[in-house]
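# Structural overview for review
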Amino acid sequence: MSDDPKWEAPAGSWASSAARRRNMQAIRSRDTKPEWLIRRLVHAQGLRYRVAARPLPDLRRTADLVFGPAKVAVFIDGCYWHGCPEHYVPPKTNSGYWSDKVLRNMARDRDTDQRLMDAGWLVLRFWEHEPSDSCADKITAAVNRRRRGSKTRPV
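To keep things clear, this report deals only with the structure shown in the data block. (Residues numbered from 1 in each chain as written. Predicted model: local features only at pLDDT ≥ 70, side-chain atom pairs only at ≥ 80, totals over all residues. Heavy atoms only, no water.)

### Some points on the overall build of the chain
Within the chain one finds four helices and four strands. Listing each helix as α and each strand as β along the chain from the N terminus yields α-α-β-β-β-α-β-α. Looking at the chain residue by residue over its 155 residues, the buried ones come to 34%. For the chain, the accessible area works out to roughly 9900 Å², and carbon and sulfur atoms hold 51% of it. (Helix = DSSP H or I, 4+ residues; strand = E, 2+ residues; numbered from the N terminus. Buried < 20%, exposed > 50% of the residue type's maximum accessible area, 1.4 Å probe, protein only. Areas by Shrake-Rupley, 256 points an atom, 1.4 Å probe, with all protein chains shown as cover.)

The structure is reproduced here in structure tokens:
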């Protein structure tokens, strides 16, 4: 199953081969091209945010962009890892493991959304394939709306 007959998977490894292990280790969890493009566009519109931050300190999950005072958490989800209905293609190798992994990711995403909404946060999710300028416009509008709304509410 391995490219290298001498290669042995480290204890507890999910890798079926040395090549697969290298490939999976190269996948970024932050600062992907879609994230970078959206951040650049949102920043150009005058908004400031935290990158890869926890919206709630006691929740071990990070949002791609966090607008703390406005309570807006933005996630740019990868089509494969988050099960995009348009682009997700089930894996051919070790399909049981990876399909279960994607299902767990999707369940965790829904749980994260619910926990943040229960805490008063607005959750915005975008797929990596969505046009960056459209995503940035929606983020800017939502943050500005939340900021205006918080100024008119009694404290």
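### Concerning helix α3 (residues 95-118)
Spanning 24 residues, α3 covers 34 Å between terminal C-alpha atoms, matching the ideal 34 Å at 1.5 Å per step. Among the residues of α3, W98, V102, N105, D109, T112, D113 and L116 are the ones counted as buried. (Expected span 1.5 Å × (residues − 1).)

### What about the packing of aromatic side chains?
Inspection of the entire model under this criterion finds five aromatic pairs. Residues Y80 and W81 carry aromatic rings whose centres are separated by 5.0 Å and whose planes lie at 85° to one another, so their mutual orientation is edge-to-face. Exposure remark for Y80: the relative accessible area of 26% places this residue in the partly exposed category. On the basis of an interplanar angle of 85° and a centroid distance of 4.7 Å, the ring pair of Y97 and W98 is categorised as edge-to-face. For Y97, a relative accessible area of 31% gives the class partly exposed. Assessed through its relative accessible area of 8%, W98 is described here as buried. Taken together, the ring pairs connect Y80, W81, Y88, Y97 and W98 into an aromatic cluster. The ring of F75 has R125 lying over it, and the distance from NZ or CZ to the ring centre is 4.1 Å. (Phe/Tyr/Trp six-rings, centres within 6.5 Å; stacked < 30°, edge-to-face > 60°. Lys NZ or Arg CZ within 6 Å of the ring centre and 35° of its normal.)

### Section: the nonpolar core
Counting residues in each nonpolar core, the largest one holds 16 residues, and the members touching the most others are V42, F67, V72, V74, L124, I139 and V143. For this core, the elements supplying multiple residues, two or more each, are α2 (33-44), β2 (63-67), β3 (72-77), β4 (122-127) and α4 (132-152). Looking at which element gives the most residues to this core, the answer is α4, with five residues. Those residues in contact with V143 that lie beyond four places of it in its chain are L47, F67, A70 and V72. (Core = buried A, V, L, I, M, F, W, Y, C linked by side-chain atoms within 4.5 Å. Contact = heavy atoms within 4.5 Å.)

### Here we look at α2
The terminal C-alpha atoms of α2, which comprises twelve residues, lie 17 Å apart, in line with the 16 Å expected from a rise of 1.5 Å per residue. Among all positions in α2, only P34, E35, I38, R39 and V42 are buried. In a view along the axis of α2, the buried residues occupy a sector of 125°, so they form one face of it. In α2, the exposed positions that point more than 90 degrees away from the buried face belong to K33 and A44. (Arc of directions from axis to C-beta.)

### Structural notes on the pattern of salt bridges
Enumeration over the complete set of coordinates arrives at seven salt bridges. R61 is the salt-bridge partner of D111, the closest N and O atoms lying 2.6 Å from each other. On the criterion of sequence distance, the pair formed by D111 in helix α3 and R61 in the loop between β1 (50-53) and β2 is long-range, its members being 50 residues apart. The partner of R110 in a salt bridge is D113, and the shortest N-O contact between them spans 3.3 Å. In this pair, R110 and D113 are both assigned in helix α3, three residues apart and thus about one turn of the helix distant. A relative accessible area of 46% means that R110 is categorised as partly exposed. Take D113: its relative accessible area is 10%, and that puts it in the buried class. Connected via shared salt-bridge partners are D77, D109, R110, D113 and R125. (Salt bridge = Lys/Arg side-chain N within 4 Å of Asp/Glu carboxyl O.)

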